[in-house]
Amino acid sequence: LTRLLPQGENGVGGGAVRVGTRRSQLARIQTDSVVEMLRELYPHLCFEIIAMSTTGDKILDTALSKIGEKSLFTKELENALERNEVDLVVHSLKDLPTSLPPGFTIGAVCKRENPLDAVVFHPKNCGKTLSVLPEKSVIGTSSLRRAAQLKKKFPQLEFRDIRGNLNTRLKKLDEKEDFSAIILAAAGLKRMGWENRIGQLLSPEDCLYAVGQGALAVEVRAKDQEILSMVSTLHDADTVLCCIAERAFMKRLEGGCSVPVAVNTILKDGQLYLTGAVYSLDGSDSLRETMQTSVNYPQQTEDGPNDDVQHVGITAKNVPGRAQEAAEKLGVELASLLLSKGAKHILSVARQLNDAH
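Residues numbered from 1 in each chain as written. Predicted model: local features only at pLDDT ≥ 70, side-chain atom pairs only at ≥ 80, totals over all residues. Heavy atoms only, no water.

An unreviewed UniProt entry lists the chain under the name Porphobilinogen deaminase, with Ceyx cyanopectus given as the organism. Its UniProt record gives the chain the following Pathway (unreviewed entry) comment, quoted word for word: "Porphyrin-containing compound metabolism; protoporphyrin-IX biosynthesis; coproporphyrinogen-III from 5-aminolevulinate: step 2/4." Per UniProt, the chain carries the Subcellular location (unreviewed entry) text "Cytoplasm, Cytosol". (UniProt positions renumbered as here; feature names shortened; annotations may be inferred.)

Colleague: Please set out the pattern of salt bridges residue by residue, giving values where relevant.
Modeller: Side chains bearing opposite charge may pair, as long as their charged atoms lie close to each other. In total, this model carries 16 salt bridges according to the counting rule given. Of the charged contacts, one joins Asp117 and Arg146 as a salt bridge, the two residues approaching to 2.8 Å between their closest N and O atoms. Placement of the pair is Asp117 in strand 5 (residues 117–121) and Arg146 in helix 5 (residues 144–153), with a sequence separation of 29 residues. We classify Asp117 as buried; its relative accessible area is 0%. Take Arg146: its relative accessible area is 4%, and that puts it in the buried class. Glu177 is the partner of Lys124 in a salt bridge, and the nearest nitrogen-oxygen pair spans 2.8 Å. Note that Lys124 is positioned in the loop between strand 5 and strand 6 (138–140) and Glu177 in the loop between helix 6 (166–175) and strand 8 (181–185), a separation of 53 residues in sequence. A relative accessible area of 48% means that Lys124 is categorised as partly exposed. We classify Glu177 as exposed; its relative accessible area is 56%. (Salt bridge = Lys/Arg side-chain N within 4 Å of Asp/Glu carboxyl O. Helix = DSSP H or I, 4+ residues; strand = E, 2+ residues; numbered from the N terminus. Buried < 20%, exposed > 50% of the residue type's maximum accessible area, 1.4 Å probe, protein only.)

Colleague: Break down the pairing of strand 2 (residues 47–52) for me, with residues and values.
Modeller: Of the strand pairs in this sheet, strand 1 (residues 17–22) and strand 2 are connected by 6 bridges, and their pairing is parallel. Directly across from Thr21, in strand 2, lies its bridge partner Ala51. Viewed along the sheet, the connection from strand 1 through helix 1 (residues 25–41) into strand 2 turns out right-handed. (Pairing = 2+ DSSP bridges. Right-handed = clockwise from strand over helix to strand, strands pointing away.)

Colleague: Before we move on, could you go through the nonpolar core and cite the residues and values that matter?
Modeller: Soluble globular proteins tend to pack their nonpolar side chains together in the buried interior. Among the nonpolar cores identified, the biggest contains 52 residues, and Leu93, Ile106, Phe249, Leu253, Val261 and Val278 are the most heavily contacted of them. Of all elements in the fold, only helix 4 (75–82), strand 4 (104–109), helix 9 (237–253), strand 11 (261–268), strand 12 (271–279), helix 10 (321–340) and helix 11 (343–356) reach the threshold of two or more residues within this core. Top contributing element to this core by residue count: helix 9, with 10 residues. Counting 20 residues, the second largest nonpolar core, distinct from the first, contains Val17, Val35, Leu45 and Val218. (Core = buried A, V, L, I, M, F, W, Y, C linked by side-chain atoms within 4.5 Å.)

Colleague: Talk me through the sheet that holds strand 1; I want residue IDs and the actual numbers.
Modeller: Judged by pairing direction, the sheet is mixed, and its 5 strands sit side by side in the order 2-1-3-10-4 without closing on themselves. Both edges of this open sheet fall to strand 2 and strand 4, since each of them pairs with a single strand only. Neighbouring strand axes in the sheet, compared pairwise and without regard to direction, differ in orientation by 30° on average. (Axes fitted to C-alpha atoms, helices over the stretch in contact; angles between N-to-C directions.)

Colleague: Explain the confidence of the model for the chain to me, using residue names and the numbers behind them.
Modeller: In the predicted model, the chain carries a mean pLDDT of 88, and 87% of its residues have values of at least 70. Ranking the elements of the chain by mean pLDDT puts helix 3 (residues 64–67) last with 46 and strand 5 first with 98. Predicted confidence is poor over residues 5–14, with pLDDT under 50, and the contacts of this stretch with residues over four places away or in other chains come to 10 contacts. Long-range and interchain partners of residues 66–71, a stretch whose pLDDT sits below 50, account for 10 contacts in this model, where long-range means more than four residues apart. (pLDDT = per-residue confidence, 0-100. Contact = heavy atoms within 4.5 Å.)

Colleague: Explain helix 9 to me, and be specific about the residues and the numbers.
Modeller: Helix length check: helix 9 (17 residues) gives 25 Å between terminal C-alpha atoms against 24 Å at 1.5 Å per residue, within 8%. Burial runs high along helix 9: 13 of the 17 residues are buried. In the stretch just after helix 9, Glu254 is the one whose phi turns positive, near 55°. (Expected span 1.5 Å × (residues − 1).)

Colleague: Please set out the side chain of Thr105 residue by residue, giving values where relevant.
Modeller: With respect to the helices and strands, the residue Thr105 is situated in strand 4. Thr105 sits in the buried class, given a relative accessible area of 1%. For Thr105, the side chain forms a polar contact with the side chain of Thr315, separated by 2.6 Å. Every residue in contact with Thr105, bar those within four places of it in the chain, is listed here: Leu100, Val218, Glu219, Val220, Ala222, Leu228, Gln310, Gly313, Ile314 and Thr315. (Polar contact = N/O pair within 3.5 Å; in protein donor to acceptor, adjacent residues only side chain to side chain.)

Colleague: Account for helix 11, naming residues and giving values.
Modeller: Its 14 residues give helix 11 an end-to-end C-alpha distance of 20 Å, which sits within 8% of 20 Å, the value for a rise of 1.5 Å per residue. Residues Ala343, Ile346, Leu347, Ala350 and Asn354 constitute the buried set of helix 11. Seen from one end, helix 11 has its buried residues packed into an arc of 90°, which puts them on one side. Summarising the geometry of helix 11, the exposed residues directed more than 90 degrees from the buried face are Lys344, His345, Gln352, Asp355 and Ala356. (Arc of directions from axis to C-beta.)

Colleague: A description of the environment of Leu253 should follow, citing residues and the corresponding values.
Modeller: Turning to its location among the elements, Leu253 is positioned in helix 9. Exposure remark for Leu253: the relative accessible area of 5% places this residue in the buried category. When neighbours within four sequence positions are excluded, Leu253 is seen to be in contact with Val261, Val278, Ala335, Leu339, Ala343 and Leu347.

What follows is the structure, given as structure tokens:
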């Protein structure tokens, strides 16, 4: 990392590594945690955090699935990366589309936090679970995936859109009587230090999670070898393999935030198990299957042109290439199985209904 080595005191005259992030408190906490890991690994480097607002942060009165833009929370950050204003960007992996713009890659996928969804109850419902809430109780979620699964499981409840960052949503829940509970990712609550607000963790039987949920991704310019090799030390091999399988599944289905697609991944004893599902908007129609593959391959020393192979947007040189290939193939094959059973119809109807609303 010669060009980034500080020259003189405090790196003056040398360059700091500039890290882009969204402005929200959760995004800042996530970015700080990644920068902390990098500081420990590279104590001689200076890191500067640059926060910016994204389209998704600005449009707060419309459901995410209606805006129809795949890179709601990432575009502005990627523009800064492209213009060389920042060297790397930290995202929630679930916000990153399965196809990145040309010239970018995910250079690191950090160890995954709990990927499950969590229910946060209005203070008056403290100690309850979804199954015992009174009929017609309103549950807030901006996710079609969560709503579709939970409508089917809890037909007595009503599901309504709630937007805003975590702070805003919790405030809406606590200070008004509009919602009996809201559904959020457990990982975000944990990172914010609000684990005590989790009233119920939704098991994969209740609610499969989003592709990449709970994992942090570091996006870099694909050709920036110095930054790429610097951040690649943050890769968590198990998380990488799970997320490659999930992203390949999503990509083959051509799913985005405007259709309900959900997963659950387990990596155990060298076997990767992927459960994937698609749902109609009301959850009445669904397809769900599980497949497995072995990812038990040794790391081979690869040199030459194989260095920069991407698997669904992820470059992970320090994870065995054959294991990554197996994970990607698993995702594609599981999606193909669902498509052969009618997933395309379920998803296109969901898309049309969502666009029409």
